[in-house]
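# Overview (structure and organization)
Residues per chain are reported as follows:
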Amino acid sequence: MRRIMLLNPKGGCGKTTLATNLASHYALQGKPVVLADFDVQGSSMDWLQARPASRPPVQGIAVGKEELLLPHSNGVMIMDAPAATHGKLLKRHIKLAHTVIIPVLPSPMDIRAATRFIEELLLVGRVSRERTRIAVVANRVRERTLIFHALQRFLESLGIPFIATLRDTQNYIHAAEQGLGIFELAPSQVAADLQQWRPLLAWLESRGSVPRKKKDRR
């Protein structure tokens with residue numbers, strides 16, 4: 001089972017928004033999807049509670065309340081990790097993932113926090129070609145601002161994939177309120193957002209987003 005983890009250096013970066021939207025995307029493709037919520041706030045599980053029974057199913061696991069199993073199947077597990085995870089806990093989380101996505105907001109505080117967090121993440125040692133792949137997403141962006149250009153320069157300087165830029169829009173809030181993903185709203189309403197998601201989804205489907213060793217994948 002493909003395992004994708006959402007991590008961020010501080011709370012409020014949109015980690016759960018990316019996790020739930022990825023879960024809905026893969027569910028729409030007809031794949032078995034598990035959404036594992038490691039965060040004590042349980043925001044991903046709240047999203048699942050609101051999800052209509054008529055929509056493609058997503059299985060939820062509240063990690064900490066129930067055992068996390070790593071099944072071998074052709075599905076996808078999306079892992080919503082706790083915000084600001086560090087040290088030994090960060091190492092344990094990274095061992096579970098094939099791919100790590102880090103959302104970063106366009107603010108000086110978030111850029112500084114992301115710098116320290118990514119440095120620690122790289123030192124964990126599993127973020128490598130053979131073990132875990134990492135990419136960054138700029139989230140809640142207003143492109144015609146000076147801080148966005150500062151964020152863009154920062155992300156491009158990291159030497160790791162800067163995959164996508166997602167705009168600041170109420171569409172994500174409207175989708176979350178209904179237990180849906182951006183891909184399940186009216187296409188005319190979210191056309192600009194779907195366009196912004198394409199680079200991230202294409203990267204996730206590429207060989208560059210998965211480790212070379214695939215012993216635990218069937």
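Each chain carries its own residue numbering, running from 1 in the written order of its sequence. For a predicted model such as this one, the threshold for reporting local features is a pLDDT of at least 70, and the threshold for listing and counting side-chain atom pairs is 80 or more; totals across whole chains, interfaces and linings nevertheless cover every residue. Side-chain measures were taken over the full set of non-hydrogen atoms in the model, leaving aside hydrogen atoms and water.

### Some remarks on the overall build of the protein
Definition in use: A run of DSSP states H or I qualifies as a helix once it reaches four residues; a run of E qualifies as a strand once it reaches two. Both are numbered from the N-terminal end. Accessible area is worked out with a 1.4 Å probe on protein chains only. A residue is then buried under 20% of its type maximum, exposed over 50%, and partly exposed in between. Throughout, a contact is declared for two residues whenever any of their heavy atoms are within 4.5 Å. Areas reported here follow the Shrake-Rupley algorithm with a probe of radius 1.4 Å; residue values treat only the protein chains shown as occluding.
Counting its regular elements, the protein contains seven helices and seven strands. Each helix and strand of the protein, ordered N terminal to C terminal, gives the series β-α-β-α-β-β-α-β-α-β-α-β-α-α. Split into buried and exposed, the 218 residues of the protein put 52% on the buried side. Put simply, 78% of the contacts in the protein that link residues at least 6 apart link residues at least 24 apart. For the protein, the exposed surface amounts to about 10700 Å²; the carbon and sulfur share of it is 52%.

### Some points on the nonpolar core
The nonpolar side chains of a soluble globular protein tend to be buried, and buried together. So the rule is basically this: What we call a nonpolar core is a set of buried Ala, Val, Leu, Ile, Met, Phe, Trp, Tyr and Cys residues that are connected through their side-chain atoms within 4.5 Å.
Membership of the largest hydrophobic core comes to 35 residues, with the highest contact counts inside it found for Ile 4, Leu 22, Leu 35, Ile 78, Ile 101, Trp 197 and Leu 200. Apart from the residues within four sequence positions on either side, Leu 200 is in contact with Ile 101, Val 137, Ile 163 and Ala 164. Counting 27 residues, the second largest nonpolar core, distinct from the first, contains Val 34, Met 77, Ile 102 and Ile 134.

### Here we look at the packing of helix 3 (residues 87-96) against helix 4 (residues 108-123)
Applicable threshold: Structural elements are reduced to axes, namely lines fitted to C-alpha atoms, with helices fitted over the stretch in contact, and the angle between N-to-C directions of any two is expressed from 0 to 180 degrees. Handedness of a crossing is defined here by the sense of rotation of the near helix relative to the far one, left-handed for an anticlockwise turn of less than a right angle and right-handed for a clockwise turn. Gly is put with the polar residues, along with every residue not named as nonpolar or charged; the nonpolar set is Ala, Val, Leu, Ile, Met, Phe, Trp, Tyr, Cys and Pro, and the charged set is Asp, Glu, Lys and Arg.
Here helix 3 crosses helix 4 at 65 degrees, and the two axes come no closer than 10 Å. Crossing of helix 3 over helix 4 shows right-handed handedness. Contacts between helix 3 and helix 4 involve Gly 87, Leu 90 and Ile 94 from the former and Phe 117, Glu 120 and Leu 121 from the latter. Per-class residue counts for the contact of helix 3 with helix 4 are four nonpolar, one polar and one charged.

### Some points on the sheet that holds strand 5 (residues 99-104)
Applicable threshold: When DSSP finds two or more bridges between two strands, those strands count as paired.
Pairing is parallel in the open sheet, where seven strands are placed in the order 3-2-4-1-5-6-7. Unpaired on one side and paired on the other, strand 3 (59-62) and strand 7 (162-167) mark the two borders of the sheet. Recorded for the sheet is a direction-independent mean angle of 20 degrees between the axes of neighbouring strands. Direction of pairing for strand 2 (residues 33-37) relative to strand 4 (residues 76-80): parallel, over a ladder of five bridges. Among the inter-strand pairings, Val 33 is bridged to a residue of strand 4, identified as Val 76. Packing against the sheet, helix 3 makes contact with strand 1 (2-6), strand 4 and strand 5, and its axis sits at approximately 145 degrees to strand 1. Sheet strands touched by helix 4: strand 5 and strand 6 (133-141). Its angle to strand 5, the strand with the most contacts, is close to 160 degrees.

### Overview of the environment of Ile 101
One can find Ile 101 in strand 5. Taking the relative accessible area as the measure of exposure, Ile 101 reaches 0% and is therefore buried. For the pair formed by Ile 101 and Val 136, sequence separation is 35 residues and the distance between their alpha carbons is 5.7 Å. Apart from residues lying up to four places away in sequence, Ile 101 is in contact with Ile 4, Met 5, Leu 6, Leu 7, Leu 18, Leu 22, Ala 135, Val 137, Leu 200 and Leu 204.

### A short note on the side chain of Asn 139
Short version of the rule: Within 3.5 Å is the distance limit for a polar contact, defined as a pair of N or O atoms, with the added protein rule that one can donate a hydrogen and the other accept it, and that residues adjacent in sequence qualify only through two side-chain atoms.
Structurally, Asn 139 can be placed in strand 6. Look at Asn 139 and you get buried, because its relative accessible area is 4%. Engagement of the side chain of Asn 139 in a polar contact is seen with the backbone oxygen of Cys 13, the distance being 2.9 Å. Once residues lying within four places of it in the same chain are set aside, the contact partners of Asn 139 are Cys 13, Gly 14, Leu 18, Pro 103, Val 104, Leu 105, Pro 106 and Leu 166.

### What to know about the pairing of strand 6
With respect to burial, strand 6 is a largely interior element, eight of its nine residues being buried. Bridge count for strand 5 against strand 6 is six bridges, and the pairing is parallel. Each bridged residue has a counterpart across the sheet, and for Val 100 the counterpart in strand 6 is Ile 134. Relative to strand 7, strand 6 is paired through four bridges, and the arrangement is parallel. Counted as the bridge partner of Val 137 is Ala 164 from strand 7.

None of this, on its own, says anything about what the molecule does.
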